[in-house]
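A structural walkthrough
What follows is each chain in one-letter form.
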Amino acid sequence: MAEARPLDGKVAIVTGAGGGFGESYTRCLTGAGASVVMSDINAENVEAAATRLVGDGVNVLPVTADVTDPASWASVVKSGVDAFGGIDILVNNAGLMSEIPMDVPFSKLDLEWWDRVLAVNLTGPFLGIQAVVPEMKKRGGGRIVNQSSGGAFGPSGVYGVSKLGLVSLTVSMAHELARHKITVNAIAPGFTNTPAAQRSLPEGMEGMAEQIAPLGGGTPEDANGALLLLTTDAGRWITGQTLNVDGGWVMRI
Ligand SMILES: NC(=O)c1ccc[n+]([C@@H]2O[C@H](COP(=O)([O-])OP(=O)(O)OC[C@H]3O[C@@H](n4cnc5c(N)ncnc54)[C@H](O)[C@@H]3O)[C@@H](O)[C@H]2O)c1
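Anyway, here's the lowdown on the structure attached to this text.

A few words on the overall build of the protein. Assigned secondary structure in the protein consists of eight helices and seven strands. Across its three principal directions, the C-alpha atoms of the protein cover 55 × 40 × 35 Å. For the protein, with 253 residues in total, the buried portion stands at 46%. A separation of at least 24 residues holds for 74% of the contacts in the protein among residues at least 6 apart in sequence.

Within a sheet, neighbouring strands are paired by backbone hydrogen bonds and run either parallel or antiparallel to one another. As summarised here, the arrangement of the seven strands in space is β3-β2-β1-β4-β5-β6-β7, forming an open sheet in which the pairing is parallel. The open sheet has two edge strands with one neighbour each: β3 (60–64) and β7 (242–245). For this sheet, the mean inter-axis angle between neighbouring strands, taken without regard to orientation, is 20 degrees. Pairing analysis gives four bridges linking strand β6 (residues 182–189) to β7, with the strands arranged parallel. Across the sheet, Ala188 pairs through a bridge with Asn244, a residue of β7. Contacts from helix α1 (residues 20–31) reach β1 (11–15), β2 (35–40), β3, β4 (89–92) and β5 (142–147) within the one sheet, and its direction differs from that of β1 by about 170 degrees. Each of β5, β6 and β7 touches helix α5 (residues 157–177); the most contacted strand, β6, lies at about 165 degrees to it.

What follows covers the environment of Ser168. Following the sequence through the fold, Ser168 ends up in helix α5. Separated by 73 residues in the primary sequence, Ser168 and Gln241 have C-alpha atoms spaced 9.9 Å apart.

Around the ligand, a shell composed of 29 residues is seen, among which Gly16, Gly20, Gly95, Thr194 and Ala196 lie nearest. Contributions of two or more residues to the shell around the ligand are made by α1 and α6 (195–200). When residues of the shell around the ligand are assigned to their parent elements, the largest contribution, three residues, is made by α1.

The buried fraction of β5 amounts to six of the six residues, a majority that puts the element mostly inside the structure. A two-sided burial pattern is seen for β5, the buried positions comprising Gly142, Ile144 and Asn146 on one face and Arg143, Val145 and Gln147 on the other. In this structure, β4 lies alongside β5, joined through four bridges in parallel fashion. When the bridges of β5 are listed, Val91 appears paired with Val145. This β-α-β element, β4 to helix α4 (residues 111–138) to β5, shows right-handed connectivity. Bridging between β5 and β6 involves six bridges; their strand directions are parallel. Within β6, the residue paired with Asn146 across the bridge is Ala186. Each parallel crossover has a hand, and for β5 linked through α5 to β6 it is right-handed.

The next subject is the environment of Ala50. Along the chain, Ala50 turns up in helix α2 (residues 43–53). You can call Ala50 buried: it has 21 C-beta atoms within 10 Å. Apart from residues no more than four positions distant in its own chain, Ala50 is found in contact with Met38, Val60 and Pro62.

The rules behind these values
- Residues numbered from 1 in each chain as written.
- Predicted model: local features only at pLDDT ≥ 70, side-chain atom pairs only at ≥ 80, totals over all residues.
- Helix = DSSP H or I, 4+ residues; strand = E, 2+ residues; numbered from the N terminus.
- Buried ≥ 20, exposed ≤ 12 C-beta atoms within 10 Å, placed from the backbone.
- Contact = placed C-beta atoms within 7 Å.
- Pairing = 2+ DSSP bridges.
- Axes fitted to C-alpha atoms, helices over the stretch in contact; angles between N-to-C directions.
- Near = placed C-beta within 6 Å.
- Right-handed = clockwise from strand over helix to strand, strands pointing away.

Here you go:
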């Protein structure tokens, strides 16, 4: 008989699952036994990521959805319930980062960009939590993990504003949802080697990631330990926390 895994029978939604962190988080959760609804606004990327992951005993369902749209969220949740029977875990990973213009001072950033980044990075996770809570209550509890960033704790323009907003969203939701046995935590990675992060580096700064963190640069897989802690029984008494996973770049007291 196969050995029991910590997330056997659990169902997760991972947003922004079309590559980078989202694909890696999905691989981590399926490896621990969960079935995963992989959601992304980019249909082609999420289909391709799901194809890379499919294998023996791996249940993934790719769906195209926009995290800023409540109707999209309703359909993602319904897909999970229809395909796998409910929702236990939400990983709010989708976000804009490399897309944000770097050549404009923050004090001159277009209102359109301000609105767009906050809509995807902050309103998206808020809508996601609203959409999954009724299903998590039916299952007697749940786990929510918001993807923040080390950028939340220093000057990072509208990106930092959105990611620090996520820290606050995490705390308030954790406080309110604890009575339903739903934990809400955040992971704040440092600069991590994904294609999107490489695109966001200014010219000549390619070695920056290695230099800023005492333990050196990381990959999305380096955040899997935090994800497993916050989604499995091992993390059952942890809520409202933001875990910096960044090779020691941001050391908070
Ligand atoms: N790579 C890093 O260094 C780093 C560090 C800290 C935090 N993060 C965060 O990790 C997350 C993933 O980053 P990544 O490096 O894998 O980048 P990425 O660009 O590959 O991932 C973001 C994903 O979100 C999707 N997306 C964008 N807008 C969406 C929308 N409206 N609805 C649904 N999906 C949408 C994109 O299609 C993409 O697949 C982001 O939230 C990012 O801010 C990344």
